[in-house]
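This is what each chain is made of:
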Amino acid sequence: MMPDTSAYMVAGFLVIIGGVAIYVLWIFTRFINCAIRLNALKELEKEKKPHGE
Amino acid sequence: MKPEKTPRALIFLDFLALLALATAFALVIFYAPFELTMGSVQKVFYFHVAAGLAGMLGFFVATIAAVACLKTGSLKWDVAGLAGVEIGMVLMALCIVSGSIWARPVWNTWWTWDPRLTTALIMELIYAAYLLLRSGLDDARRRAKLAAVYAVVGFISVPLTFFSIRVFRTIHPVMIGSADSSANGLFAMNPSMQTTFFSSLAAFSILFIALYWHRYRLGNLQAEINERRAALQEEGE
Amino acid sequence: MKPFIGAILAIFWKDLLAERRTREILGTMLVFALTVILVFVFAFDLSVEIRRKAAAGVIWVTLCFAGTISLNRSLTLERDREAINALLLAPVDRTAIFFGKALVNWVYLLITAAIIVPVYALLNNLSLFSWGGLGVILLGTLGYILTGTLLSTLTLQLRARDMLLPVLLFPVIIPLLLACVRASTILLQGGNPAELDTWLVMLVGYDLLFAAVGLLVFDRIIEE
């Protein structure tokens, strides 16, 4: 008789695949945030340049 | 405006990783046979081991990057090291949790203090300490140097931990190499299981490369932002 | 080689002299270690049999906790009035600073051990002394101190200095601690002598390994 352990199987795959998906999302959001901040910094640099020179 | 266009090869790699994962998952579900004593939960094993090995690869890459960082002093290696540690931690955590879920019906417990489990847990602690060390330092150059030293020290102690715990008996199934046949939860892989296993391994390797590349690019972007901000602040003073 | 050892000893004597005048590190370590032992005894409300069985574990954990005090202090000491700059200016190999500091910390920890082991034995009416146990203590504390001195040099440069040392140090020394506890337990209660040899070899290997790591990386991480 094969024991029924399918609930554990579903949970296991949910953890692995869900975990990877969350990590991918985390990288993505950080990337977007960085892009926004980089743009803001570039704007600031443009504003500063004429004053500085 | 994107800071830098995503390279074609990386987009290709993303799709490849997705495809490989889907294929491996389909093989696990539809192709791989059921193991009789453990039932369907045994199928988690394919992804569990693949995630664990990919996680180890992450720590390994981080150590190589740390050594290179100490040798050259280049900050690029620091970014490369952090990327390896972060991905290693994520995959290793998934490996631990999925292993726990597997162990509950098979070993009848969520956790045992066997060498692999304990070493995996201690590795997570070491690299968590690595991240804490990084967060305590502001100067990029110094952070790179000190974090690299800790990464090397930590990685040296990992095999020692493993072997020292191994002196106690293990109940973890040994999949590759010699096997203690009395170990609970052990099973012999037949050819279709092996095909599934190696395709899972390949899928996670591709996934690792794709994730690593993305994380490395993110790290570079963060470094650039910090540099520009420091330059602006200096100008302002 | 001779000026190198001379420099190590110079740092060693300097720190001992400072300690003799201030008496801040050793005293704190001893009081703290005794408190930890008391807490262990009361927390587990140990019966004599369990106290005997737990002796190795309690003593090693106590030594590890107490060790962080001197590891933290012996380097922050140099930072207080920027003495570290003078130390770095000295025309000697900087690795000498590492071994000098390690030697001081090792002596502190050995003194602590020399007091708390008999105290634990006395309080619990046990006999803990053996020559093998002495060897385990010498080797174990040496490995702990070598790793600890290296890592406390790292934390010296952090914002939250004293806080982070245990977090960085303890996961790395787990193999060492395990070897110490197992070897001591075998010595105290008897057991497989072959296993004892394995642990002793492991301790020696650990000590050599981390002495080598310190030798290789220390001059890169000490603050400019």
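Relevant structure appears above.
The structure reproduced in this document is the subject of the present report. Everything numeric here is computed off the predicted structure, so don't read it as measured data.

So, how was this worked out
- Counting restarts for each chain: residues are numbered from 1 in the order of the written sequence.
- Chain letters and ligand numbers both follow the written order, the letters beginning at A and the numbers at 1.
- Local features are withheld for residues below a pLDDT of 70 in this predicted model, meaning they are given only at 70 or higher, and side-chain atom pairs are given and counted only at 80 or more; totals for whole chains, interfaces and linings count all residues.
- Each side-chain value is worked out from all heavy atoms of the structure, with water and hydrogens disregarded.
- Should any heavy atoms of two residues lie within 4.5 Å, those residues are counted as being in contact.
- Using a 1.4 Å probe, buried area is obtained as the accessible area two parts lose upon being combined, added over both of them.
- Salt bridges are defined by distance alone: a side-chain nitrogen of Lys or Arg within 4 Å of a carboxyl oxygen of Asp or Glu.
- Under the rule applied, a polar contact is a pair of N or O atoms within 3.5 Å (in protein, one hydrogen donor and one hydrogen acceptor; residues adjacent in sequence only if both atoms are side-chain atoms).
- By the criteria applied, helices consist of DSSP H or I runs no shorter than four residues and strands consist of E runs no shorter than two, each listed in order from the N terminus.
- How far a helix is expected to stretch is found by multiplying one less than its residue total by 1.5 Å.
- Per-residue accessibility, obtained with a 1.4 Å probe over protein chains only, is compared with the maximum for each type, and a residue is labelled buried under 20%, exposed over 50%, and partly exposed between these values.
- Asp, Glu, Lys and Arg are counted as charged, while Ala, Val, Leu, Ile, Met, Phe, Trp, Tyr, Cys and Pro are counted as nonpolar; the rest, among them Gly, fall into the polar class.
- Throughout this description, the term nonpolar core refers to a set of buried Ala, Val, Leu, Ile, Met, Phe, Trp, Tyr and Cys residues connected via side-chain atoms within 4.5 Å.
- Pairs of cysteine sulfur atoms within 2.5 Å are what we label disulfides.
- What counts as an axis is a line fitted to C-alpha atoms, over the stretch in contact for a helix, and the angles between N-to-C directions run from 0 to 180 degrees.
- By definition, turning the near helix anticlockwise from the far helix through less than a right angle yields a left-handed crossing, and turning it clockwise yields a right-handed one.

**Examining the interface of chain C and chain B**
Each partner contributes residues to the interface: chain C has 27 residues there, and chain B has 27 residues. When residues of chain C are sorted by the area they lose upon contact with chain B, Leu154, Arg159 and Arg220 of chain C head the list and together hold 21% of the total. Our count for the chain C to chain B interface comes out at zero salt bridges. Our count for the contact surface shared by chain C and chain B stands at four residue pairs in polar contact (both at pLDDT 80 or more).

**Considering the arrangement of the chains**
Of all two pairs of chains in contact, the one with the most contacts involves chains A and B. You won't find any contact between chain A and chain C; their C-alpha atoms come no closer than 25 Å.

**Thoughts on helix H5 (residues 140–166) of chain B**
Compared with the 39 Å implied by 1.5 Å per residue over 27 residues, the 39 Å span of H5 of chain B between its first and last C-alpha is a close match. Along H5 of chain B, 19 of the 27 residues are buried, which leaves the element largely enclosed by surrounding structure.

**Notes on the pattern of salt bridges**
Applying the stated criterion across every chain yields a total of nine salt bridges over all chains. We note a salt bridge from Arg215 of chain B to Glu86 of chain B, for which the minimum N-O separation is 2.9 Å. With Arg215 of chain B in helix H6 (residues 191–236) and Glu86 of chain B in helix H3 (residues 75–107), this pair connects stretches of sequence that are 129 residues apart. Residue Arg182 of chain C pairs with Glu195 of chain C through a salt bridge whose shortest N-O separation is 3.6 Å.

**Quick word on the interface of chain A and chain B**
The interface of chain A with chain B comprises 31 residues on the first partner and 44 residues on the second. Summing both partners gives a buried area of about 3,500 Å² for chain A against chain B, and 77% of it is carried by carbon and sulfur. Linking chain A with chain B are two salt bridges. Connecting chain A to chain B are six residue pairs in polar contact (both at pLDDT 80 or more). Looking at the side of chain A that touches chain B residue by residue, the classes come out as 21 nonpolar, five polar and five charged.

**Quick word on the nonpolar core**
It is characteristic of soluble globular proteins that their nonpolar side chains tend to be buried jointly. Counting residues in each nonpolar core, the largest one holds 156 residues, and the members touching the most others are Phe47, Tyr150 and Phe204 of chain B together with Tyr120 and Tyr144 of chain C. The biggest single contributor to this core is H3 of chain B, with 15 residues. Excluding anything up to four places from it in sequence, Phe47 of chain B contacts Phe13, Ile16 and Ile17 of chain A together with Leu21, Ala24, Phe25, Val28, Ser200 and Phe204 of chain B.

**Comments concerning H3 of chain B**
Residues spaced three or four apart along an α-helix point in a common direction, a consequence of the helix completing one turn every 3.6 residues. Residues and elements named next belong to chain B. Across its 33 residues, H3 extends 46 Å between first and last C-alpha, which sits within 8% of the 48 Å expected from 1.5 Å per residue. Regarding H3, its N-cap is Ser74, as a side-chain oxygen of that residue lies 3.2 Å from the backbone nitrogen of Lys76 further along. Immediately downstream of H3, the backbone of Asn108 shows phi near 65°, a positive value.

**Topic: the state of the cysteines**
Using the criterion set out here, one finds zero disulfides over all chains in the structure. Cys69 of chain B forms no disulfide, and the closest cysteine sulfur to it belongs to Cys34 of chain A, at a distance of 20 Å. The thiol of Cys64 of chain C is not disulfide-bonded; the next cysteine sulfur, from Cys180 of chain C, is found 7.7 Å away. The exposure class of Cys64 of chain C is buried, given its relative accessible area of 7%.

**Let's talk about the packing of helix H8 (residues 174–189) of chain C against helix H9 (residues 193–221) of chain C**
Residue and element names in this part refer to chain C. Interaxial distance between H8 and H9 falls to 9 Å at its minimum, and their mutual angle equals 145°. By crossing handedness, the relation of H8 to H9 is classed as left-handed. In contact with Pro175, Leu176, Leu178, Ala179, Cys180, Arg182, Ala183, Ile186 and Leu187 of H8, H9 contributes Glu195, Leu196, Trp199, Met202, Leu203, Tyr206 and Asp207. In terms of residue class, the contact of H8 with H9 is built from 13 nonpolar, no polar and three charged.

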